[in-house]
Amino acid sequence: MHEIVIYVLGVSGLLAVVSFLPPLAAHFRVPFTVLLAGVGVLLGAVVQGFASVQGMGPIGDFFASLAGFDVSAEVLLYTFLPVLLFETALTVDVRRLMDDVGPILLLAVVAVFVCTFAVGYALSLVSGFSLVACLLLGSIVATTDPAAVVGIFRDLGAPRRLTMLVEGESLLNDAAAISLFTLLLGMLTRKADGGVAEAALAFLENFGGGLLVGYLCGRVACVLVTPVRDQPMAEITLTVALAYLTYMLAEHYLGVSGVVAVVASALVVGSIGRTRISPATWDALEHVWKQLGFWANSLIFLLTALVVPKVFAQLSVAEVGLAAVVVVAALAARGAVLFGLLPVLSAAGLAQKVSHSYKAVMLWGGLRGAVSLTLVLVVSENDRVPDRVQAFVAALATCFVFFTLFVNGTTLRHLIRLLGLDKLTPVERAMRNRALALSLGGVQEKAAELARHYEIERAAADALITHYAERLSHIDLEREAERPLSAAERVTIGLVILVNREEELYFHHFKEGISSRHVAELLTGRTARMLDAVKTQGRDGYRAAEEPFMAFTGWMRLASWLHRRFGITKPLARRLSMRFEVLVAVRLVLRELITFTQGRLADVLGTETSCELEGLLTVRLQRTEQALGALKLQYPDYAIVLQNQYLGRAALRLEEADYRTLHAESIISQEVLSDLQRDVELRRRILEKPPQLDLKLNLPEMVRRVPIFASVPPDRLARIVKLLKPRLFLPGETVVRKGEHGDCMFFIASGAVEVIVPGLSEPVKLGTGDFFGEMALLSRRPRNADVRALGYCQMLVLHERVFRRLVGRDPDLRQHIEAVADARRQPAPQPEPDTEQAAPATT
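Residues numbered from 1 in each chain as written. Predicted model: local features only at pLDDT ≥ 70, side-chain atom pairs only at ≥ 80, totals over all residues. Heavy atoms only, no water.

1. Re the overall build of the chain
Across its full length, the chain carries 34 helices and eight strands. Counting only C-alpha atoms, the chain reaches 115 × 85 × 60 Å along its principal axes. By the burial criterion, 49% of the 843 residues in the chain qualify as buried. Within the chain, counting contacts between residues at least 6 apart in sequence, those at least 24 apart form 81% of the total. Here the chain displays about 40,100 Å² of accessible surface, and carbon together with sulfur accounts for 60% of that area. Averaging the coordinates of the 84 positive side-chain charges in the chain and doing the same for the 83 negative ones gives two points 6 Å apart. (Helix = DSSP H or I, 4+ residues; strand = E, 2+ residues; numbered from the N terminus. Buried < 20%, exposed > 50% of the residue type's maximum accessible area, 1.4 Å probe, protein only. Contact = heavy atoms within 4.5 Å. Areas by Shrake-Rupley, 256 points an atom, 1.4 Å probe, with all protein chains shown as cover. Lys, Arg positive; Asp, Glu negative; His and termini not counted. Charge placed at Lys NZ, Arg CZ, Asp CG, Glu CD.)

This is the structure:
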């Protein structure tokens, strides 16, 4: 039989076998990974016993193909490992990962070193092998596989935080362990020299370099996906290419950790890809990667498990004893980190406290899997590693992997139940009963309506309705027995629900094409920080986290500085345009949240709690309306254009949905639908382009608003216009500071400022037509007050050198400015903000 046919038959046969394992695992309540390992070992035993038997037809050829497989470690590393790592990292919630980044890093990095050295030193004392060889084995068994554990967690409904701790540990653990493995293998084969310091530096370079390469590759991929947006096949293909290209670029060309690079790139795509990749594609992309990860994990397990019977057949009694040493040392090392170092981290305030029950499950749930078996294969195929060391590593590592799968994996479910981690907390149970009572009551009413609509016989309908009534009665009894939630608990629960709902609405509006990608990224990031604040500080944290939604970003401040310093207007115009979009999006979502609070949350949490939550939302809405109103006042035309664009995007969605309905009802053909969809897509691309914001810094127009220039002859005014510089100041921005050198004066073309003068109880307000800053130029002294913009202020700036030239040529202008300056030097108990001569302004 042709070689390629043998490989195709073998792989397709293995996939056929794998397809029956998930239902079998569910039926027998056994972790899928454990069943997969058992089937792999069984296949290996069958292959060894029957591969040479002739005349069995396709079945015999299948076993013969498995016996003839020569799958190298390099094939597994370059073909399956990038997929396995990328799929695992892609599904990780980076925000929740950061909530427990301290414990995760401790388990993923520190625990790897502790396990490696504990196993290595223990074996070196009793085995007679070199310390480096024993450490190499320690690094192999330091990797963890969360697949089986997470599957058990989901079946039993284990706490979400426990699942995240195990997933996060495994994700970064593989990267750290493989980096350490590569370093130790190089030392064992004389490819790397040096002491502990050089080895530590090499590890940091390998690990840090992989992080940098992965991050950059992920960011580049998110940029490259823009041209192929709304092309699902192309977008998904790009992510598959990213996994392999990142691994090869880091591992083969740059000499850093390809494992770390793949993980980092997947985390980048998973965190910002939801807004870069088209919404319709994202769900399909997750399904595709889940399928690819399933294939990769299954094939690695089966292909490596095929050789396990041969390894077990050659085991000696001494090696079984050494395997026991590995088990004890690895568990002791993991226990030392969980019960010794993790409490120290929590006591130092660097991590949230982890309960003893969580630690016990994490200790026993440190299963090993496909990655460890692949690393065993890497050692076995390395000609530079002595045969004796190859056999030593293969035997002990394989024994340890299968011990964790068949002993830890099969008993973990019972441990979780014993510790009560499959049960809801009192707060969660109270929320469950409230939600269930609300849902069942509605279902009972709808069931009665359906019975009448379909003319169901009364006996059948009464039986069903009675069943729901009994369930409701049982829930009412449970609710009477449970501890009532305090007012603070209700508010905190409600705020957590609202913040999560707010994030969902931002993504929903992005998917509907109403909000832009930049707005969705910005607002979802802010809601993530708000959720953290609510979890730690409750109501006070929510109020504190409101501020970033209204405050100007660092990019806005930078754009404003570039405008003031160099007269560059485009960055500021873009940032103001985005602020418009952000405020409109926030206002829309807050109104939806208020409706949601008045309805669903009032039913679940009670009227009193919903009223308090509604009050918090109303305060946010008022602040948003105020900030949006200030922008509308300054740029009313742009506000109309932007709202028109929002409405247009929503209308396009309705239009497209209507066309699909007409096609589903066979009113229009596929050809007509395709033509209409092309037209909708063309108009959508036009609406997706943000409108240009005109800052309205037209010099002649601004000069005409300043009364001091009203009487200047046109020819002289034209020369003055050339000397003035238009500038825009943001609300709350400081225009001048007390004590700084005065090198210019300001004319207010529109807006208002407040002058904070030492000795005055109230700030002095100046408005359109006023000027300030002249006293510092006339007296050549530092400024004597702070001036802050009260709103969006358009100002004309006259620099000192130009000022002296101008007042030297225009005695009337000089006389007017000096008169105002003299009036401001006089005490004014009640300044008139509309009359520049009466206002003691800053100079």
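2. With respect to the sheet that holds strand E4 (residues 753–756)
As summarised here, the arrangement of the four strands in space is E2-E7-E4-E5, forming an open sheet in which the pairing is antiparallel. The sheet is open, and its two edges are formed by strand E2 (734–736) and strand E5 (764–766), each paired on a single side. For this sheet, the mean inter-axis angle between neighbouring strands, taken without regard to orientation, is 30°. The sheet contact formed by E4 and E5 spans three bridges and is antiparallel. Bridge assignment links Val 755 to a residue of E5, and that residue is Val 764. (Pairing = 2+ DSSP bridges. Axes fitted to C-alpha atoms, helices over the stretch in contact; angles between N-to-C directions.)

3. Some details on the environment of Ala 447
Along the chain, Ala 447 falls in helix H20 (residues 426–453). Overall, the relative accessible area of 15% leaves Ala 447 in the buried class. Taking the C-alpha atoms as reference, Ala 447 lies 61 Å from Gly 68; in sequence the two are 379 residues apart.

4. As for the packing of aromatic side chains
Counted under the stated rule, the structure contains 11 aromatic pairs. Taking the centre distance of 6.2 Å and the plane angle of 25° together, the rings of Phe 117 and Tyr 121 count as stacked. Taken together, the residues Phe 117 and Tyr 121, both in helix H7 (residues 101–127) and four residues apart, mark about one turn of the helix. Phe 117 sits in the partly exposed class, given a relative accessible area of 36%. With a relative accessible area of 45%, Tyr 121 lands in the partly exposed category. Pairing Phe 312 with Phe 402 gives two aromatic rings, centres 5.9 Å apart and planes at 75°, and the pair type is edge-to-face. Residue Phe 312 is located in helix H15 (residues 308–313), and its partner Phe 402 is located in helix H19 (residues 387–418); the two are separated by 90 residues in the primary sequence. (Phe/Tyr/Trp six-rings, centres within 6.5 Å; stacked < 30°, edge-to-face > 60°.)

5. Let's talk about the pairing of E4
Strand direction decides the pairing type here: E4 and strand E7 (residues 786–789), joined by four bridges, are antiparallel. For Val 755, the partnering residue across the bridge sits in E7 and is Val 787.

6. So, the environment of Leu 299
Mapped onto the elements, Leu 299 comes out in helix H14 (residues 279–305). Overall, the relative accessible area of 8% leaves Leu 299 in the buried class. Apart from residues no more than four positions distant in its own chain, Leu 299 is found in contact with Leu 14, Leu 15 and Phe 80.

7. Considerations on unusual backbone geometry
Of note in the backbone geometry, Ser 666 takes a positive phi value of approximately 65° without being a glycine. For Ser 666, the position within the fold is in the loop between helix H28 (636–664) and helix H29 (670–688). Here Ser 666 falls in the exposed class, since its relative accessible area comes to 63%. Located in the positive-phi region is Arg 780, a residue other than glycine, with phi close to 55°. Mapped onto the elements of the fold, Arg 780 is located in the loop between helix H32 (774–779) and E7.

8. Brief notes about helix H26 (residues 570–605)
Where H26 bends most, the angle comes to about 40°, and this point is Thr 597. Following H26 by one or two positions, Gly 606 has its phi on the positive side, about 100°. (Bend = angle between axes of the 7 residues up to and from the residue.)

9. Looking at the confidence of the model for the chain
Confidence in the prediction of the chain, expressed as mean pLDDT, is 82, and 93% of residues score 70 or more. The model gives residues 830–840 a pLDDT under 50, and that stretch makes 31 contacts with residues more than four places away or in other chains. (pLDDT = per-residue confidence, 0-100.)

10. As for the sheet that holds strand E6 (residues 771–772)
Overall, antiparallel pairing links the four strands, which are arranged E1-E8-E3-E6 in an open sheet. Either end of the sheet is taken by a strand with one partner, and the two such strands are strand E1 (725–729) and E6. Where E1 lies against strand E8 (residues 793–799), five bridges are found, and the strand directions are antiparallel. When the sheet's bridge partners are listed, Pro 726 is paired in E8 with Leu 796.

11. Some remarks on the packing of helix H12 (residues 232–253) against H14
At a closest axis distance of 10 Å, the pairing of H12 and H14 adopts a crossing angle of 45°. When the interaxial angle is binned, H12 and H14 end up oblique. Viewed along their axes, H12 and H14 form a crossing whose handedness is right-handed. Together, Pro 232, Glu 235, Ile 236, Thr 239, Val 240 and Ala 243 of H12 and Thr 281, Ala 284, Leu 285, Val 288, Trp 289 and Leu 292 of H14 make up the contact between the two elements. (Parallel < 35°, antiparallel > 145°, perpendicular 65-115°, else oblique. Left-handed = near helix turned anticlockwise from the far one by under 90°.)

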